[in-house]
Amino acid sequence: MNREEGNRMRKLFIAAAAFCSFIAGSAWGAGQRAGVVTLEVDLSAQAHGEEVKLWVPYPSSDKNQTVDGIKITGDFASSGVYKDRAYNTPMLYAEWPKGAASRKLVFSFHVERKEIAQRNLPSPSNEPQWNRADYSEYLQPTSRGPLDGEVKILAKGITKGKLTNLAKARAIYDWTVGNMYRDPNTKGCGQGDVCVLLKKPGGKCTDISSVFIALCRASGVPAREVFSIRLGKKAEEDITTYQHCWAEFFVPGYGWVTADPADVRKAMLVEKLELSDPKTREYSSYFWGGIDAYRVVLARGRDLTLNPAQAGAPLNTFGYPYAEVGGKPVDFYDPKKFTYRYTFKEK
């Protein structure tokens, strides 16, 4: 084994150990998690003589999380908090002029997050009438999630004989858990390119969630992504690479239901579980309508046009900070080019 391979294996082992610890301490019963998340961004090493713009996911309070104690500091020329037009996703925006030698920003917030446990779902055989027009944006294709062709054919086969949103979504969830797998070599959270994934069904959370969502939408079930970052389990922890994506689907008469097939497959990989293993069935049951408290929602939506609008193409996902230097995107997967760090401190 060469040094590069050895380093890669060590990283996988560390990630596996961290997830085992996370699952053991959070997925089964931790009702809430609270602390301060801090993001430090330093774009000073980027080319000088160019205008620099930065957009950061900006979490907000909802029924499952309370966000307060927000602090924003830095040497930017101007900043503001805005929302995109399509999904109302909040974002922090900052910019530096061409002559700026230093481009730093620190953004911190306190969050208290609740576990979601939707165990009182209605009967899958009977649902009230609902107006599809009210949820039309969650029934549309995306640039990487078409709803016709192979996707439509597969969705029709999976949901054959299923008449309600809940029954269809459960069949798709079971199919996704049974047929997708976690590929630890996938960059970041994955691109969520559904057509590619149906040919090679390995990826990470955005990939696995995207397949679930596309199949739901192709079956007439409104569905959407949720982008987050995991909260550390330790008292203080670097969470820079802890981004995570899961799914929600709509059930008439009930509302939005959580589903996280990606975390089922991650647990299976880490613990070397087979589909037939009783522990796999436990994970599958837990992440159907449930997620742990060790995560904070950052953003929603695909193909995002930011506000102010970016010069580059619409963002496939917005789970990471995004920056442009001289109108050109900076690779947020490359920490040598785009220097930023997320940390969590229990409080």
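Residues numbered from 1 in each chain as written. Predicted model: local features only at pLDDT ≥ 70, side-chain atom pairs only at ≥ 80, totals over all residues. Heavy atoms only, no water.

Here the protein shows a mean pLDDT of 92. Residues at 70 or above account for 91%. Here residues 1-22 is a poorly scored stretch, pLDDT under 50, and it has 21 contacts once near neighbours within four places are set aside; other chains count. Long-range and interchain partners of residues 24-29, a stretch whose pLDDT sits below 50, account for 15 contacts in this model, where long-range means more than four residues apart. (pLDDT = per-residue confidence, 0-100. Contact = heavy atoms within 4.5 Å.)

A few words on the nonpolar core. Ranked by internal contacts, the top residues of the largest apolar core, which has 89 residues, are Leu54, Trp96, Phe212, Phe249, Phe318, Phe338 and Tyr342. Considering every element that reaches this core, the biggest residue donor is helix α5 (residues 205-218), with nine residues. (Core = buried A, V, L, I, M, F, W, Y, C linked by side-chain atoms within 4.5 Å. Buried < 20%, exposed > 50% of the residue type's maximum accessible area, 1.4 Å probe, protein only. Helix = DSSP H or I, 4+ residues; strand = E, 2+ residues; numbered from the N terminus.)

Moving on, we come to a nonpolar patch on the surface. A grouping of Ile70, Ile72 and Val81 is seen on the molecular surface, where their side chains present a nonpolar patch of about 200 Å² in accessible area. By secondary structure assignment, the location of valine 81 is in strand β4 (residues 78-83). (Patch = residues over 30% accessible without salt bridge, like charges linked within 9 Å, V, L, I, M, F, W, Y side chains within 5 Å. Areas by Shrake-Rupley, 256 points an atom, 1.4 Å probe, with all protein chains shown as cover. Salt bridge = Lys/Arg side-chain N within 4 Å of Asp/Glu carboxyl O.)

The subject of this paragraph is helix α2 (residues 149-158). Every buried residue of α2 is listed here: Val151, Ala155 and Ile158. Mapping the buried residues of α2 onto a view down its axis gives an arc of 65 degrees, with all of them on the same face. In α2, the exposed positions angled more than 90 degrees off the buried face are occupied by Ile153, Lys156 and Gly157. Where α2 is buried, its residues touch α3 (165-179), α4 (194-199) and α5. (Arc of directions from axis to C-beta.)

The subject of this paragraph is the sheet that holds strand β6 (residues 104-114). Spatial ordering of the open sheet is given by β3-β6-β1-β18-β11, a layout of five strands whose pairing is antiparallel. Bordering the open sheet on either side are β3 (65-74) and β11 (236-238), each of which pairs with just one other strand. Strand-to-strand twist of the sheet, defined as the mean angle between neighbouring strand axes without regard to direction, takes the value 15 degrees. Sheet analysis places strand β1 (residues 32-42) next to β6, joined by 11 bridges and oriented antiparallel. Within β6, the position partnered with valine 37 by the bridge is phenylalanine 109. (Pairing = 2+ DSSP bridges. Axes fitted to C-alpha atoms, helices over the stretch in contact; angles between N-to-C directions.)

Attention shifts here to unusual backbone geometry. A cis geometry characterises the amide bond from asparagine 307 onward to proline 308, with omega recorded as -5 degrees. For proline 308, the location among the structural elements is in the loop between β15 (295-299) and β16 (322-325). In this structure, lysine 272 takes a positive phi of about 55 degrees despite not being glycine. Located in the positive-phi region is aspartate 303, a residue other than glycine, with phi close to 55 degrees.

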